[in-house]
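The primary structure of each chain is shown beneath.
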Amino acid sequence: MNRFRLLTPLVLNPNIRFQSTVVLPRDLNILSNGEIKISKGLNGRSSRTGYTATVFGSTSFLGSYVATRLAKNGTITVCPFRDDLKKRFLKVAGDLGVVNFVEFDLRNIESIKESVKYSDIVYNFIGVDYNTKNFSMADVNIEGARRIAQASKDAGVNRFIHISSYNADKDSTSIFYKTKAIGEEVVRDIIPDATIVRPSIAYGYEDQFLNRLAETFRLFTVNNSQEVINPVHVIDLAAALEKIGFDDSTIGQTFELYGPDRLNIKEIRDLIQQVTLKNYKQINVPKDLAIKVSEFLQLFWWRMVNPDQIERQFIDQKISNDVKTFANLGIEPNRLQDLVYRYTAHFRDYTHAQDLPPNVKQSRPGIKLVN
């Protein structure tokens with residue numbers, strides 16, 4: 001009773017901010033397979049949800065946000081890795097013993113089994129939109145998904161969440177979108193109860209989207225920057241994916257998670273320009289020429305623009321009407337216009353401000369974003 005009286009003012013005070021998030025409404029949770037999980041603690045870093053989750057692709061942009069969120073809320077998190085230097089930052093995400101690393105390779109099935117054998121939830125973020133000297137897009141997006149799903153099924157994993165991509169379509173002209181769609185089918189054939197998530201392009205501090213648009217003075221495009229997308233905040237995605245993992249009502253469902261703003265790349269670049277005050281240049285390149293140049297660039301062993309990335313610039317994001325969205329999870333995603341200043345202000349440069357169009361000059365010193 002004394003404990004309750006001491007904690008009540010803390011819990012009911014709306015002015016206190018918590019670093020963790022309440023993800024489980026009950027201390028006693030029964031999985032769909034009948035297994036019982038007991039959470040301990042008052043929530044947060046030193047608490048335990050009772051669950052163990054494996055996050056394949058935990059060193060990627062979106063995967064790292066989900067792994068960090070799981071760990072800091074008390075979920076034992078297994079992070080399979082290939083590069084030791086790229087996974088170290090995840091160690092401090094959780095309390096002692098919460099974040100655990102397993103070295104693995106998609107070509108080594110035993111290492112995949114080792115990564116999932118103790119887990120209740122498995123997230124698969126692994127996917128590529130370019131070919132490498134070791135793996136093609138089909139190798140990773142299809143065969144890699146099959147191996148991870150099969151290992152999870154054999155281990156009796158209760159929940160499997162497969163991260164696909166927006167515009168996943170077997171009939172697409174893009175190899176990436178096509179292999180992602182086939183990967184979804186492969187996963188569903190092995191685990192019919194798998195949850196498929198198709199996120200839109202995500203933005204945040206470490207993204208390759210807003211950062212690239214903000215720091216590149218000369219943007220080479222093949223479609224006059226007319227590709228239309230619904231960019232989504234990475235923190236909103238991480239919150240949704242964590243909730244999906246613990247919510248058994250999402251079993252067997254397909255989600256498309258996208259932001260509320262539907263913009264083309266040119267409009268997004270204009271938003272960024274009003275924050276950075278840089279005089280950006282756009283150079284449009286004929287599609288045939290861009291593809292030939294990108295094919296030549298594939299001769300280099302490091303990552304360069306590839307023909308499929310050129311093709312995707314001509315494909316607008318499609319919104320499906322028969323799938324679940326943020327609304328079904330009770331989450332209202334943030335607008336890009338409200339966050340573009342936060343993520344691009346460090347690129348601000350007054351050097352060429354005098355060369356900016358008049359409408360951008362008028363936005364100084366107080367930045368007013370266009371609608």
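Rules and cut-offs
- Residues numbered from 1 in each chain as written.
- Predicted model: local features only at pLDDT ≥ 70, side-chain atom pairs only at ≥ 80, totals over all residues.
- Heavy atoms only, no water.
- Helix = DSSP H or I, 4+ residues; strand = E, 2+ residues; numbered from the N terminus.
- Expected span 1.5 Å × (residues − 1).
- Buried < 20%, exposed > 50% of the residue type's maximum accessible area, 1.4 Å probe, protein only.
- Phe/Tyr/Trp six-rings, centres within 6.5 Å; stacked < 30°, edge-to-face > 60°.
- Lys NZ or Arg CZ within 6 Å of the ring centre and 35° of its normal.
- Patch = residues over 30% accessible without salt bridge, like charges linked within 9 Å, V, L, I, M, F, W, Y side chains within 5 Å.
- Areas by Shrake-Rupley, 256 points an atom, 1.4 Å probe, with all protein chains shown as cover.
- Salt bridge = Lys/Arg side-chain N within 4 Å of Asp/Glu carboxyl O.

Draft legend 1. Seen up close, helix 8 (residues 234-246). Over its 13 residues, helix 8 extends 19 Å from the first C-alpha to the last, a length consistent with the 18 Å expected when each residue adds 1.5 Å. By the criterion of burial, helix 8 is predominantly enclosed, with eleven of the 13 residues buried. Those residues of helix 8 that sit buried are V234, D236, L237, A238, A239, A240, L241, E242, I244, G245 and F246.

Draft legend 2. The packing of aromatic side chains, seen in detail. Taken as a whole, this structure holds eleven aromatic pairs when the rule is applied. Here the aromatic rings of Y203 and Y343 are separated by 6.1 Å at their centres, their planes lie at 70 degrees, and the arrangement is edge-to-face. With a gap of 140 residues between them, Y203 in strand 9 (residues 202-203) and Y343 in helix 12 (residues 336-344) connect regions that are remote in the sequence. Residue class for Y343 comes out buried when judged on its relative accessible area of 2%. Taken together, the ring pairs connect Y166, F176 and Y177 into an aromatic cluster. The ring of F81 has K87 sitting right over it, with the charged end atom 4.9 Å from the ring centre. In this structure, K287 is placed above the aromatic ring of F314, and the distance from its NZ or CZ to the ring centre is 4.6 Å.

Draft legend 3. Representation of a nonpolar patch on the surface within the structure. Taken together, the side chains of F296, L299, F300, W301 and W302 define a hydrophobic patch exposed on the protein surface, amounting to about 650 Å² of accessible area. With respect to the helices and strands, the residue W302 is situated in the loop between helix 10 (287-297) and helix 11 (307-312). Take W302: its relative accessible area is 43%, and that puts it in the partly exposed class.

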